[in-house]
Amino acid sequence: MATSTETAGTGWVDKYLEHVRVERRLAARTVELYAIHLQALAANAAEAGLPLDRVQTAHIRRWMAQLHGAGREPRGIALVLSCWRSFYRWLGNEGLVGFNPVKDVHAPKAARPLPKALAVDDAVRLAELYDPEADPWTEARDGAIVEVLYGCGLRVSELTGLDARASNTARGWVDLDALEANVLGKGSKRRIVPIGSKAAEALRDWFAVRGECAALSTAALRDPAGAAALFISAKGVRMSSQAVWKLLRERSLKAGLAAPVHPHMLRHSFASHVLQSSSDLRAVQELLGHANIATTQVYTRLDFQHLAKVYDAAHPRAQARPEGTRAQPRPEGTRAQPRPEGTRAQPRSEGARAKPKNDDNKPTK
């Protein structure tokens, strides 16, 4: 039988989840993850015989160590701690606890791998893929999905949340007249993303055949919100993120790419290629919908890798000079750079003679 303390703790969790859903307007998936993490916190506290308002920093550290020992990645532990920290901050604001036991607890440091982006040629090859043997309806839809993901840099949840037309209930939509996509991103933040000519062309091709889905009319009666989606399945309802992952994997293999492609790889490719061409970090931040520019700055490391490859391939001093070749002579009238102070000239080879010094006041002999 649940004690009054456990009941109160459960009530706190429920109220907090309602707070983040209604007041903070976090995404539904984020609220689901918060519920999972807080259930784990309540279970740990119950196992230790503690109410949630009696949890100490030492307990949090021990539970974090258990997560690490169970093989949880540092990034995953950081997300759990962030949830717990926010929960106790809210309890403090409500006057239910005297301090935040998670405040000074940090996840183990983790290496920050670079985002995996496609080379420009590979991204174009994937976007231009056309399979004449595939079903024309499916081919038009899948081609438009690739073009929108790569051409607009959307998250897969943003893509699947798009509707075919604007409405009061639409999470997002495309406007081909204005060449814009109205997107609902993380934290329920809206942004407008331009649609390029290739993506617009692919979307027009898709709109031309979208209504040919046999199940669409039935689905519209059963699930109007699902049938209003821009990208629908053969059943006439909104495509899932998993379905987009699967079709991208299949198309990347058809295109002959070295590794399977996932939706976020196209987002990384979009950001990297725009940054390589424009060097406008702030614009890329706006296009991606990043709240913090530090999140966007990771793409500058990809841009530097690209520049380093160009340097290695093109700069005459980047590679060792092949044996038997000579350095190019300096243009007439130019002078050699002065030797750094404290360095010595290399000794002449045996038998070599020094050239006579030409002094303006003394003729050479």
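Details of the structure are given in the entry above.
Residues numbered from 1 in each chain as written. Predicted model: local features only at pLDDT ≥ 70, side-chain atom pairs only at ≥ 80, totals over all residues. Heavy atoms only, no water.

*Asks:* Can you walk me through the overall build of the chain in this structure?
*Replies:* Scanning the chain for helices and strands turns up 15 helices and four strands. Evaluated residue by residue, the chain yields a buried proportion of 36% over its 365 residues. On the chain, roughly 23600 Å² of surface is accessible, and the fraction owed to carbon and sulfur atoms is 51%. (Helix = DSSP H or I, 4+ residues; strand = E, 2+ residues; numbered from the N terminus. Buried < 20%, exposed > 50% of the residue type's maximum accessible area, 1.4 Å probe, protein only. Areas by Shrake-Rupley, 256 points an atom, 1.4 Å probe, with all protein chains shown as cover.)

*Asks:* I keep staring at the side chain of Asn-100 and nothing clicks. Help me out?
*Replies:* Among the structural elements, Asn-100 can be located in the loop between helix H4 (74–93) and helix H5 (120–127). Once residues lying within four places of it in the same chain are set aside, the contact partners of Asn-100 are Arg-85, Tyr-88 and Arg-89. (Contact = heavy atoms within 4.5 Å.)

*Asks:* Looking at this structure, I do not really get the packing of aromatic side chains. What am I missing?
*Replies:* Two descriptors summarise a pair of aromatic rings, namely the distance from one centre to the other and the angle between the planes of the rings. In this structure the tally under the stated criterion is seven aromatic pairs. Ring geometry for Phe-87 against Tyr-88: centres 5.4 Å apart, planes inclined by 65°, an arrangement best described as edge-to-face. Comparing Phe-87 with Tyr-88, the two get one shared label, buried. (Phe/Tyr/Trp six-rings, centres within 6.5 Å; stacked < 30°, edge-to-face > 60°.)

*Asks:* For this particular structure, what's the right way to read the pattern of salt bridges?
*Replies:* Oppositely charged side chains are able to pair whenever their charged atoms sit close together. Summed over the entire model, instances satisfying the criterion amount to nine salt bridges. Of the charged contacts in the structure, one is a salt bridge between Asp-131 and Lys-254, with a shortest N-O distance of 3.1 Å. Of this pair, Asp-131 sits in the loop between H5 and helix H6 (136–152) while Lys-254 sits in helix H11 (residues 241–254), placing them 123 residues apart in sequence. Residue Glu-158 pairs with Arg-155 through a salt bridge whose shortest N-O separation is 2.5 Å. Exposure class is identical for Glu-158 and Arg-155. Each is buried. Connected through salt bridges with shared partners, the residues Arg-155, Glu-158 and Arg-191 form a single ionic network. (Salt bridge = Lys/Arg side-chain N within 4 Å of Asp/Glu carboxyl O.)

*Asks:* How should the side chain of Glu-147 be read in this particular structure?
*Replies:* In this structure, Glu-147 sits in helix H6. For the buried Glu-147, no salt bridge is present, and the opposite-charge side chain at shortest range is Lys-198, 6.8 Å distant. Aside from chain neighbours lying at most four places away, what touches Glu-147 is Ala-127, Cys-152, Lys-198, Ala-199 and Ala-202. (Lys, Arg positive; Asp, Glu negative; His and termini not counted.)

*Asks:* Hey, could you run me through the packing of H6 against H11 in this one?
*Replies:* Geometrically, a packed helix pair is captured by the angle between its two axes and the distance between the axes. Look at H6 against H11: their axes get within 11 Å of each other, and the N-to-C directions meet at 95°. Comparing their axes, H11 and H6 come out roughly perpendicular. Contacts between H6 and H11 involve Glu-139, Asp-142, Gly-143, Ile-145, Val-146 and Leu-149 from the first element and Val-244, Leu-247, Leu-248 and Arg-251 from the second. The residue inventory of the contact of H6 with H11, partitioned by class, reads six nonpolar, one polar and three charged. (Axes fitted to C-alpha atoms, helices over the stretch in contact; angles between N-to-C directions. Parallel < 35°, antiparallel > 145°, perpendicular 65-115°, else oblique. Nonpolar A, V, L, I, M, F, W, Y, C, P; charged D, E, K, R; others polar.)

*Asks:* Even after reading the chapter, I still don't get the sheet that holds strand E2 (residues 172–175), so can you show me in this structure?
*Replies:* Pairing between the strands of a sheet comes from backbone hydrogen bonds, and it takes one of two forms, parallel or antiparallel. Judged by pairing direction, the sheet is mixed, and its four strands sit side by side in the order E1-E2-E3-E4 without closing on themselves. Strands with a single pairing partner mark the edges of an open sheet, and in this sheet they are strand E1 (162–163) and strand E4 (190–194). Of the strand pairs in this sheet, strand E3 (residues 180–184) and E4 are connected by five bridges, and their pairing is antiparallel. Paired with Val-183 across the strands is Arg-191, a residue of E4. (Pairing = 2+ DSSP bridges.)

Without other data, these values stay purely geometric and don't point to any function.
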